[in-house]
Number of protein chains: 2
Amino acid sequence: MSASLSTAAVLIIGNEILSGRTQDTNLGWIAGRLVERGIRLAEARVVPDIEEEIVAAVRALSARYSYVFTTGGIGPTHDDITADSIGKAFDRPVGVDPEAARRLERHYGVGNATPARLRMARIPEGATLIDNPVSVAPGFRIGNVFVMAGVPRIMQAMFDGIAPSLTGGPPIQQRSVACHIPESALAEPLGAIQARHPEIDIGSYPWFRNGAAGVSLVARGTDPGALDAVIAQIARMIEELGGTPVME
Amino acid sequence: MSASLSTAAVLIIGNEILSGRTQDTNLGWIAGRLVERGIRLAEARVVPDIEEEIVAAVRALSARYSYVFTTGGIGPTHDDITADSIGKAFDRPVGVDPEAARRLERHYGVGNATPARLRMARIPEGATLIDNPVSVAPGFRIGNVFVMAGVPRIMQAMFDGIAPSLTGGPPIQQRSVACHIPESALAEPLGAIQARHPEIDIGSYPWFRNGAAGVSLVARGTDPGALDAVIAQIARMIEELGGTPVME
């Protein structure tokens with residue numbers, strides 16, 4: 001694939017994902033949004049609710065990619081340690097942000113901003129708030145790290161709020177064609193097409209559906225003309241091998 | 001949570017996950033199996049089909065955890081670079097394994113083991129095969145790294161084949177109770193319960209279902225008696241706060 005200028009990593013913070021209790025869907029959702037904005041998602045990590053693990057991952061990913069998006073661990077309970085961990089990663093003190101506190105007070109009623117609720121207003125020094133139109137308690141941005149909630153509905157609202165501020169390249173598009181030819185029969189001619197089109201990223205993904213085996217051949221890139229040309233070549237290859245290309 | 005002796009990491013190899021095209025389900029499935037075997041899944045990463053990324057991740061995870069499970073990239077096409085990358089990570093040459101080649105020949109018919117098919121028999125020197133009862137082409141184990149297919153059905157069959165060889169501790173169990181009390185009202189008494197039971201890992205997970213907001217309080221650990229005690233305390237806490245605990 002042609003290198004896009006902007007890269008990103010997703011950091012999922014949460015024991016509930018690593019215990020198998022919760023099936024993560026945030027990664028796939030963010031990935032889809034980044035593709036649309038021409039930002040290449042280059043890596044994702046899932047770490048437990050352990051401060052040193054979060055700190056190490058944030059530092060590694062923040063140094064390497066244009067943007068880091070974290071999900072999870074910004075609520076009011078004892079296992080919500082993301083804000084403190086991010087503060088440590090950036091060597092910044094963490095305190096109650098006056099504007100975040102005002103939003104929580106407005107929501108819960110003056111005088112009802114208990115210490116637990118004000119925990120959700122704690123952000124590292126120098127961070128800016130990320131709006132939460134669903135449940136008020138904000139996320140925050142510090143440096144190139146965007147700290148968001150883990151609940152999908154809240155995370156999505158937060159992301160859509162910050163998306164206009166992200167710098168991307170031309171949208172990464174993909175085209176896909178499926179067939180029932182075994183991958184091993186496709187491998188050689190498909191590799192030849194890939195070799196002729198280094199600017200397009202061609203993937204081959206076998207599947208089982210309704211008891212039948214098949215494969216999806218996916219072309220990704222930023223040049224629609226090149227994508228169309230590659231998909232046409234793949235479709236012709238499938239026909240030459242005696243198969244029927246099915247556009248997906 | 002009480003430290004279990006065995007730890008694990010999952011490494012998901014595949015552009016299709018990072019592009020948002022495919023929703024990964026392998027992580028959650030493996031997580032569930034590891035919990036049953038008393039192995040703590042401590043980290044997961046998703047990397048693209050880029051050799052140096054795979055090499056770096058395998059080395060980092062293999063050095064740190066008891067077991068590493070990789071998924072994806074072991075098919076016959078040009079984007080299947082896992083075997084070569086793992087070989088490089090362990091500084092071992094990669095070649096066609098005679099037994100793997102025999103299995104493929106038996107499956108495809110003698111004389112039909114094309115170069116593309118034999119690509120699926122390539123494993124690093126010193127690796128041992130992981131059986132593939134679904135589609136024959138094997139995975140492999142080298143050191144503490146288990147290399148499996150990305151197609152869930154195949155990965156699951158491979159994992160269940162190797163599972164008896166894994167050394168775990170007592171199964172990690174979890175109990176969960178839900179209520180409609182806001183997390184911020186639960187935070188303080190819940191934190192006190194956690195402080196009294198450091199051997200149990202208590203998590204608080206807010207959710208929206210059918211338009212209603214709620215929270216699941218989850219206790220994880222290896223001591224069933226301690227889990228029952230903690231869940232009983234959490235249920236009592238919910239009642240004292242005026243809520244109705246719902247066992248999940």
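Rules used throughout
- Counting restarts for each chain, with residues numbered from 1 along the sequence as it is written.
- Numbering of ligands from 1 and lettering of chains from A proceed in the order in which they are written.
- Two thresholds apply to this predicted model, a pLDDT of at least 70 for residue-level local features and 80 or more for giving and counting side-chain atom pairs, whereas whole-chain, interface and lining totals are computed over all residues.
- Only DSSP runs of H or I reaching four residues or more are called helices, and only runs of E reaching two or more are called strands; each is numbered from the N terminus.
- The exposure scheme places C-beta atoms from the backbone and then counts, for each residue, the other C-beta atoms within 10 Å of its own, assigning buried at 20 or more, exposed at 12 or fewer, and partly exposed in between.
- Here, residues touch in the contact sense if the C-beta positions derived from the backbone fall within 7 Å of one another.
- Where helices are involved, their axes are fitted lines through C-alpha atoms of the stretch in contact, as for all axes, and angles between N-to-C directions lie from 0 to 180°.
- Roughly parallel covers angles under 35 degrees, roughly antiparallel covers those over 145, roughly perpendicular covers 65 to 115, and oblique covers all other angles.
- By definition, any crossing whose near helix is turned counterclockwise from its far helix by less than a right angle is left-handed, and any crossing with a clockwise turn is right-handed.
- In short, DSSP must find at least two bridges between two strands for them to pair.
- Each copy is superposed on the other by least squares, with the fit set by C-alpha atoms of residues at a pLDDT of at least 70 in both.
- To be clear, the arc concerns the directions from the helix axis to the C-beta atoms.
- Any residue that is not Ala, Val, Leu, Ile, Met, Phe, Trp, Tyr, Cys, Pro, Asp, Glu, Lys or Arg is counted as polar, Gly included; the first ten are nonpolar and the last four charged.

**Here's the deal with the overall build of chain A**
In step 1: In terms of helices and strands, chain A carries nine helices and 12 strands.
In step 2: Split into buried and exposed, the 248 residues of chain A put 48% on the buried side.
In step 3: Once local pairs closer than 6 in sequence are excluded, the contacts in chain A between residues at least 24 apart make up 69%.

**Comments concerning the packing of helix 8 (residues 183-196) of chain A against helix 9 (residues 224-240) of chain A**
Residues and elements named next belong to chain A.
In step 1: Where helix 8 contacts helix 9, the axes come no closer than 11 Å and their chain directions differ by 160°. With respect to helix 9, the axis of helix 8 lies roughly antiparallel. By crossing handedness, the relation of helix 8 to helix 9 is classed as right-handed. Note on element contacts: helix 9 touches helix 8 through Val 230, Gln 233, Ile 234 and Met 237, opposite Pro 189, Leu 190 and Ile 193.

**Description of the sheet that holds strand 10 (residues 201-209) of chain B**
Residues and elements named next belong to chain B.
In step 1: Strand order across the open sheet formed by four strands is 10-11-9-12, with antiparallel pairing between neighbours. Either end of the sheet is taken by a strand with one partner, and the two such strands are strand 10 and strand 12 (246-247).
In step 2: Where strand 9 (residues 173-179) meets strand 12, two bridges bridge the pair, whose relative direction is antiparallel. Counterpart to Val 177 in the pairing with strand 12 is Met 247.
In step 3: Seen against the sheet, helix 8 (residues 183-196) touches strand 10 and strand 11 (212-221) and runs at an angle of roughly 160° to strand 10.

**Comments concerning the interface of chain A and chain B**
In step 1: Opposite the 51 residues of chain A that make contact, chain B presents 51 residues.
In step 2: Listed by contribution, the elements that provide at least two residues to the side of chain A that touches chain B are helix 1 (15-18), helix 2 (26-36), strand 2 (40-47), helix 6 (115-119), helix 8, strand 10 (201-209) and strand 11 (212-221) of chain A.
In step 3: The pairing of strand 2 of chain A with strand 2 (residues 40-47) of chain B spans three bridges and is classified as antiparallel. In the strand pairing of strand 2 of chain B, A:Val46 is matched with B:Ala44.

**Observations regarding the sheet that holds strand 10 of chain A**
Residues and elements named next belong to chain A.
In step 1: Read across the sheet, four strands follow the order 10-11-9-12 without closing on themselves; strand pairing throughout is antiparallel. Sheet topology places strand 10 and strand 12 (246-247) at the edges, where each strand pairs with a single neighbour.
In step 2: The pairing of strand 10 with strand 11 spans nine bridges and is antiparallel. Directly across from Ser 204, in strand 11, lies its bridge partner Leu 217.
In step 3: Those strands touched by helix 9 are strand 9 (173-179), strand 10 and strand 11, and its axis lies near 5° from that of strand 9.

**Some remarks on the relation of the copies chain A and chain B**
In step 1: With an RMSD of 0.0 Å, chain A superimposes on chain B once it is rotated by 180° and translated 0.0 Å along the axis. These values place the two chain copies in the arrangement generated by a two-fold rotation axis. Nearest to the rotation axis, the C-alpha of A:Arg45 is located 2.1 Å from it, this being the minimum over chain A.
In step 2: Counting the interface residues of chain A, we find that 100% of their copies in chain B are interface residues as well, pointing to one common contact surface.

**Looking at unusual backbone geometry**
Residues and elements named next belong to chain A.
In step 1: Its identity is not glycine, yet Asp 91 carries a phi of approximately 55°, on the positive side.
In step 2: With respect to the helices and strands, the residue Asp 91 is situated in the loop between helix 4 (82-89) and strand 4 (94-96).
In step 3: Taking the number of C-beta atoms within 10 Å as the measure of exposure, Asp 91 has 8 and is therefore exposed.

**Overview of helix 7 (residues 152-162) of chain A**
Residue and element names in this part refer to chain A.
In step 1: Burial in helix 7 covers these residues: Ile 154, Met 155, Met 158 and Phe 159. An end-on view of helix 7 places all buried positions within 130° of arc, on one side of the element. Facing away from the buried surface of helix 7 by more than 90 degrees, the exposed residues are Arg 153 and Asp 160.
In step 2: Close packing links the buried residues of helix 7 with helix 2, strand 3 (67-71), strand 6 (128-130), strand 7 (139-142) and strand 8 (145-148).

**Let's talk about the environment of B:Ile142**
Residue and element names in this part refer to chain B.
In step 1: Structurally, the position occupied by Ile 142 is in strand 7 (residues 139-142).
In step 2: Among the residues examined, Ile 142 registers 21 C-beta atoms within 10 Å and is labelled buried.
In step 3: Along the primary structure Ile 142 and Pro 124 are separated by 18 residues, whereas in three dimensions their C-alpha atoms are 7.7 Å apart.

**Some details on the packing of helix 3 (residues 51-64) of chain B against helix 4 (residues 82-89) of chain B**
Residue and element names in this part refer to chain B.
In step 1: Where helix 3 contacts helix 4, the axes come no closer than 8 Å and their chain directions differ by 50°. It follows that helix 3 is oblique to helix 4 by the angle criterion. For the crossing formed where helix 3 meets helix 4, the hand is right-handed. In this structure, helix 3 uses Glu 51, Ile 54, Val 55, Val 58 and Arg 59 to contact helix 4, whose residues at the interface are Thr 82, Asp 84, Ser 85, Ile 86, Lys 88 and Ala 89.
In step 2: For the contact of helix 3 with helix 4, the per-class residue count stands at five nonpolar, two polar and four charged.

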